[in-house]
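Single-letter residue listing:
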Amino acid sequence: MSTPPDPAVLYPDVAARGSLAAALRAAAEGGLDSVLPASPGSGPLLHASVASTPAHREPLRISAWAYERRWSIRGEEPFQGSCLIDGDTDDLAQVAAAARAWHHGESLDDIRRAAPFVHLRGRFEVPDLDPVRLVESEWQGMLREARELEYSWQEHYLALVEAAYAEPALRALYPFTSHWALRFSPTTRPSLTLGSPCLTTGDDGMYGVGTGFITPDLGEFTTAPEAAALAVRRLPAGFGPVTLGLPLGQPPA
C-alpha cells in the first residue's frame, strides 16, 4: 500500500489552525466556542473529539481520512459502547453542526436534520439502562443493519432477523451476531451470556440452526420462520427474563 500524503497537504486549512479541533471551532462560526473540542497530541490534524453534555453519550469522535479529504464521525453510548450515529462527509461545517448538536443533547433525529450526512444506526438512547428497552433498541439496530447490507445474501439475512424478531421468546432476548450468526442472550452487553442456538443463512437461501456458528447441527430449513421456531424450542430452560449485563467486576446495585 502506498504511503499516505502528509496530512498538511490534504488539510492545509486544518494545518493552518494547528489542529482539527481548532478547525472545527472555526468551521462552526461560533457554534462550538463554549464546547472546546479536543485533539490528541499525536495526530492533531487527523483526530478530534467533542464532549457531550448528557452523561449517556460518549464524546463524539471525528477522524480525518488518510488518502482523501474527508471526515468520519462516530457517536456511542457509554454503557455498552454501541454506536448510535456515524457518517462521513467532505464538508467540515457539516461535521461541526453534528458535533454541536451531539454536545447539546439534541435528539438523534434532530442531529441528522442539523447535519444530513449523519447516518442513524437504528438504536435509540436508553439513559436509565432499562434492560427491556436496551433489548428493543438493539433489535431495531439489527433490523436496520440487515435492511442496509449490500451483500449478496442480504435478502436471506433480513428474512432471518425478521423471523427471529417475530418470535416473542426470541424478541425478549438480547440479539447479537458472531460471524453473521444470529444469537441471543438473557443479559445485555457488555456481559453477554452464551448458550442459545445460532441461526445462520447464506447465498444458498437455506436457514440453519446450530449449537455453534459454523455447523447447523440442529437442522436446516428452506424458510426463516421454520428456523426461528426451532431456535425457540431449543432455548435452554430458564433462559431469561433479560437482565442488565454488568461490566466485569461490577456488583449488582
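Residues numbered from 1 in each chain as written. Predicted model: local features only at pLDDT ≥ 70, side-chain atom pairs only at ≥ 80, totals over all residues. Heavy atoms only, no water.

> Would you mind showing me how to read the overall build of the protein here?
From N to C terminus, the protein includes 9 helices and 10 strands. By principal-axis analysis of the C-alpha atoms, the protein measures approximately 60 × 45 × 35 Å. The buried share among the 253 residues of the protein stands at 43%. The long-range fraction of contacts in the protein, counting pairs at least 24 apart against all pairs at least 6 apart in sequence, stands at 49%. For the protein, the distance from the average position of its 20 positive side-chain charges to the average position of its 31 negative side-chain charges is 3 Å. (Helix = DSSP H or I, 4+ residues; strand = E, 2+ residues; numbered from the N terminus. Buried < 20%, exposed > 50% of the residue type's maximum accessible area, 1.4 Å probe, protein only. Contact = heavy atoms within 4.5 Å. Lys, Arg positive; Asp, Glu negative; His and termini not counted. Charge placed at Lys NZ, Arg CZ, Asp CG, Glu CD.)

> How do you make sense of the side chain of Gln154 when you look at a structure like this?
Its location among the elements puts Gln154 in helix α7 (residues 154-166). Overall, the relative accessible area of 18% leaves Gln154 in the buried class. Those residues in contact with Gln154 that lie beyond four places of it in its chain are Ala146, Arg147 and Leu149.

> Hey, could you run me through the pattern of salt bridges in this one?
Note that side chains of opposite charge can pair when their charged atoms are close. Applying the stated rule across the entire model yields 11 salt bridges. Residues Arg61 and Glu76 are paired through a salt bridge, measuring 3.6 Å at the closest nitrogen-oxygen approach. One end of the pair, Arg61, is in strand β2 (residues 60-64); the other, Glu76, is in strand β3 (residues 71-76), and 15 residues separate them in sequence. Residue Glu76 is classed as buried on the basis of its relative accessible area, which comes to 12%. Between Asp86 and Arg121 there is a salt bridge, and its shortest N-O distance comes to 2.9 Å. You can see Asp86 sitting in strand β4 (residues 83-89) and its partner Arg121 sitting in the loop between β5 (119-120) and α6 (131-148), a full 35 residues away along the chain. (Salt bridge = Lys/Arg side-chain N within 4 Å of Asp/Glu carboxyl O.)

> Hey, could you run me through the sheet that holds β3 in this one?
What holds strands together in a sheet is hydrogen bonding between their backbones, with the strands either parallel or antiparallel. One open sheet accounts for 5 strands, arranged β1-β2-β3-β4-β5; its pairing is antiparallel. Here the strands that pair on one side only, and so sit at the sheet edges, are β1 (47-50) and β5. Bridge analysis of β3 against β4 gives 6 bridges, and the strand direction is antiparallel. Residue pairing in the sheet places Ser72 in a bridge with Asp88 of β4. Docked against the sheet, helix α4 (residues 92-103) engages β1, β2, β3 and β4, running at close to 10 degrees with respect to β3. (Pairing = 2+ DSSP bridges. Axes fitted to C-alpha atoms, helices over the stretch in contact; angles between N-to-C directions.)

> For this particular structure, what's the right way to read the packing of α7 against helix α9 (residues 224-233)?
Each packed pair of helices is defined by two parameters, the angle between the axes and the distance between the axes. At a minimum axis separation of 8 Å, α7 and α9 run at an interaxial angle of 45 degrees. Of the possible angle classes, the one that applies to α7 and α9 is oblique. In the packing of α7 onto α9, the handedness of the crossing is right-handed. Between α7 and α9, the residues in contact are Ala159, Leu160, Ala163 and Ala164 and Ala224, Pro225 and Ala228, respectively. Across the contact of α7 with α9, the residue classes tally to 7 nonpolar, no polar and no charged. (Parallel < 35°, antiparallel > 145°, perpendicular 65-115°, else oblique. Left-handed = near helix turned anticlockwise from the far one by under 90°. Nonpolar A, V, L, I, M, F, W, Y, C, P; charged D, E, K, R; others polar.)

> Quick question: what am I supposed to make of helix α3 (residues 20-27) here?
Residues separated by three or four positions in an α-helix point in the same direction, a consequence of the helix having 3.6 residues per turn. Of the residues making up α3, those classed as buried are Leu20, Ala21, Ala22, Ala23 and Leu24. On its buried face, α3 sits against α2 (12-17), β1, β2, β3 and α4. Looking one or two residues past α3, Glu29 carries a phi angle of roughly 50 degrees, positive in sign.

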